[in-house]
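# Fold and contact review
What follows is each chain in one-letter form.
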Amino acid sequence: MKNTEQVSSQVNYGEDVMTDNKLFEFCNLQFQTLTESLKANSKANVMSGINKKLEIFRKCWQENKLSRNVKDKMYLLCKSLKEKDWDNAYGIHLPLMVDYFNEVGQWMVAVKRIIHEAKQFPDKLNNDKLNNETNNLPTT
């Protein structure tokens, strides 16, 4: 598992300047795509809970209540989700919960559940939709 300093130093956006809006769009699209793909195989109340928590995540981001470190780490986590690297996504999630609990505690449980559900049902994910919708977003 990577510690927080290692994850933070790995955020490299290449030559692109990653604005908060671009980071938010990338993370939000990844979560929307995954929850859409998972809803057919998950219980309705589970998906409802995930969506409520993700709404808190969106609100916190849009109201600028998340630090740049949390945003950068969420980008890395979502990049891992896009690449279907569930173990790395989980490894990023853990230090976020420990080191930034006050910022992420209300909604990170939804991210953990998405990772769990996606790992449990990888063959049920709509891979074409995941790839097509996220191809035009940053990958580095």
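Note that the coordinates shown come from a computational prediction; the quantities given were computed from them, not determined experimentally. (Residues numbered from 1 in each chain as written. Predicted model: local features only at pLDDT ≥ 70, side-chain atom pairs only at ≥ 80, totals over all residues. Heavy atoms only, no water.)

## Considerations on the overall build of the chain
- Each helix and strand in the chain was counted, giving eight helices and zero strands.
- Listing each helix as α and each strand as β along the chain from the N terminus yields α-α-α-α-α-α-α-α.
- Here the analysis covers contacts within the chain between residues at least 6 apart in sequence; of these, 78% occur between residues at least 24 apart.
- Split by element, the accessible area of the chain, about 7500 Å² in all, is 46% carbon and sulfur. (Helix = DSSP H or I, 4+ residues; strand = E, 2+ residues; numbered from the N terminus. Contact = heavy atoms within 4.5 Å. Areas by Shrake-Rupley, 256 points an atom, 1.4 Å probe, with all protein chains shown as cover.)

## Considerations on the pattern of salt bridges
- Summed over all chains, the structure comprises eight salt bridges.
- Lys 39 is the partner of Glu 36 in a salt bridge, and the nearest nitrogen-oxygen pair spans 3.3 Å.
- Using a relative accessible area of 37% as the deciding quantity, one classes Glu 36 as partly exposed.
- Here Arg 58 and Glu 55 are joined by a salt bridge, their closest N and O atoms 3.3 Å apart. (Salt bridge = Lys/Arg side-chain N within 4 Å of Asp/Glu carboxyl O. Buried < 20%, exposed > 50% of the residue type's maximum accessible area, 1.4 Å probe, protein only.)

## Focus: the confidence of the model for the chain
- With 75% of its residues at a pLDDT of 70 or more, the chain has an overall mean of 82.
- In this model, residues 1-10 is a region of pLDDT below 50 whose contacts with residues beyond four sequence positions or in other chains number 18 contacts.
- Low confidence marks residues 128-136, where pLDDT is under 50. Its contacts with residues over four positions away, or in another chain, come to 14 contacts. (pLDDT = per-residue confidence, 0-100.)

## Remarks on the nonpolar core
- Residues Phe 31, Met 74 and Trp 107 are the most contacted members of the largest nonpolar core, which totals 35 residues.
- Put simply, the parts of the chain that give this core at least two residues each are helix H2 (20-38), helix H3 (44-62), helix H4 (68-82), helix H5 (86-99) and helix H7 (108-120).
- Residues contacting Met 74, with those up to four places away along its chain left out, are Cys 27, Phe 31, Phe 57, Trp 61, Leu 96, Trp 107, Met 108 and Val 111. (Core = buried A, V, L, I, M, F, W, Y, C linked by side-chain atoms within 4.5 Å.)

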